[in-house]
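Remarks on the overall topology
In case you want the letters, here they are:
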Amino acid sequence: MNEVLTIVFYLIFFLSLHKAQGKEYLSKDTSLNLKGWFSVAVMFHHLAQRTHDGLFFHHFLFTGIFSVSCFLFYSGYGLMKNCMNRKDYEKHWFRKRIMPVLLPFAFYNCLLWAVNLFEGKFIGIREMLRGLSKGEPMAIFSWYVWYILLFYIVFWILMKTVNKHPRKMIIGAFIFNILYVVFCMIMNFGIWWYNTGHIIVSGMVYAAYEETCEGVLRKYRKILYAITIPVVLTASWLPYLLPFAFQLPVYIALSVSFVILMILVSMKHVPDSKILRFFGSISYELYLLHELPLMMLRGTHIYIQNDSLWVLSVLVCTVLLAYGYHLLFRPVIKRLKMLSEN
């Protein structure tokens, strides 16, 4: 069953491809489609870490970094593009950018606490804070949310302090990421906390110097294909074989190579599918909530032994929960955006 899911997953993507027109590869619609596909890939990645069924399905063990790189690149690109083109982009920043991420996340943590209690595990405030200080938050996949919230704050500070000057914004974001990596390493956080943060800066660079970047990619397209394809196909599993000291440089090379390859392919062909757009519209909720079925369907009260049945059940439950969660918070997010425009 897991092999069938893998085949369907790739078929949906490849059948949705069509020839790109102009700058379509950087459009919000393309971003939405890609985020939809990669949000499912993230779930497959976490499921593959917890199952033994499906030989081909287990290649998702090595694909988590690709999904995160896509999210971060388009986030950095969108932030920088809006910063450059919208005069009052920094106004109402907390309400416009922070709250739509923070509110669903805060409510999810309350929900997760209740589910843990239902499963027989009480987590106190001290335990939560102690876990977070060790890079082990109660919401085990929430490192991405913490990073995004922190980066949004840094981005706002940069806009206010350097008057939205593109080069200074990029330098400031780059310095922040170096400090962030050093902090995570000192605190002994897992490498997934900091092995892709540089990609959000690369998205900012692409937005600020779009014509130059695009020109370089088009001019050296064949050479870049020859470099990035082998790196992406081979280096994704390489860090698992290397000593820790060598892992971060490999992850950096891998994530940068993947983003370059993603852009090169998207210049020629982009996805467009109702299914992918749907998943893209609830990508944040999918990321947040898929931990709950992972836990509950192999928990104290329910335990699905069969790997294939468990994977399918987790996917179905996650999509239903994510869509319901999206509907719950959609009026709140719309209201926040309306208030930000006034």
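So, a few notes on the structure that sits alongside this text. Along every chain, residues carry numbers that run from 1 in the direction the sequence is written. At least 70 in pLDDT is required for a residue's local features to be given in this predicted model, at least 80 for side-chain atom pairs to be given and counted, and no such filter applies to totals for whole chains, interfaces and linings, which use all residues. As a rule here, side-chain values come from all non-hydrogen atoms in the structure, and water together with hydrogens is ignored.

1. Structural notes on the side chain of S69
- Helix and strand definitions follow DSSP, with helices as H or I runs of at least four residues and strands as E runs of at least two, each counted in order from the N terminus. Here S69 is to be found in helix 3 (residues 64-85).
- Non-local contacts of S69, meaning those with residues more than four positions away in its chain, are made with T196, I199, S255, F258 and V259. Contacts were defined at the residue level, with two residues in contact if any of their heavy atoms lie within 4.5 Å.

2. Details of the nonpolar core
- Counting 112 residues, the largest nonpolar core has F38, F44, L47, F151, F155, M169 and Y206 as its most contacted members.
- Setting aside chain neighbours within four positions, we find M169 in contact with M80, C83, F155, L158, M159, V162, K164 and M204. Within this scheme, the nonpolar core is defined by two criteria: the residues are buried Ala, Val, Leu, Ile, Met, Phe, Trp, Tyr or Cys, and they are joined through side-chain atoms within 4.5 Å. Relative accessible area decides the class of each residue, using a 1.4 Å probe on protein chains only: under 20% of the type maximum gives buried, over 50% gives exposed, and in between gives partly exposed.

3. What about the pattern of salt bridges?
- Take a side-chain nitrogen of Lys or Arg and a carboxyl oxygen of Asp or Glu: if they are within 4 Å of each other, that pair is a salt bridge. For the coordinates displayed, the defined rule picks out eight salt bridges.
- Residue R298 is joined to D307 by a salt bridge in which the shortest nitrogen-to-oxygen separation is 2.6 Å.
- According to the relative accessible area criterion, D307 is buried, its value standing at 15%.
- When salt bridges with common partners are traced through the structure, they connect K23, K81, E210, E211, E214 and R218 into a single cluster.

4. Regarding the state of the cysteines
- Throughout, a disulfide means two cysteine sulfur atoms within 2.5 Å of one another. Inspection of every chain in the model, using the stated rule, returns zero disulfides.
- In this model C83 remains outside any disulfide bridge; the closest cysteine sulfur is found in C213, 16 Å from its own.
- According to the relative accessible area criterion, C83 is buried, its value standing at 2%.

Everything listed is a geometric property; what it means functionally is a separate question.
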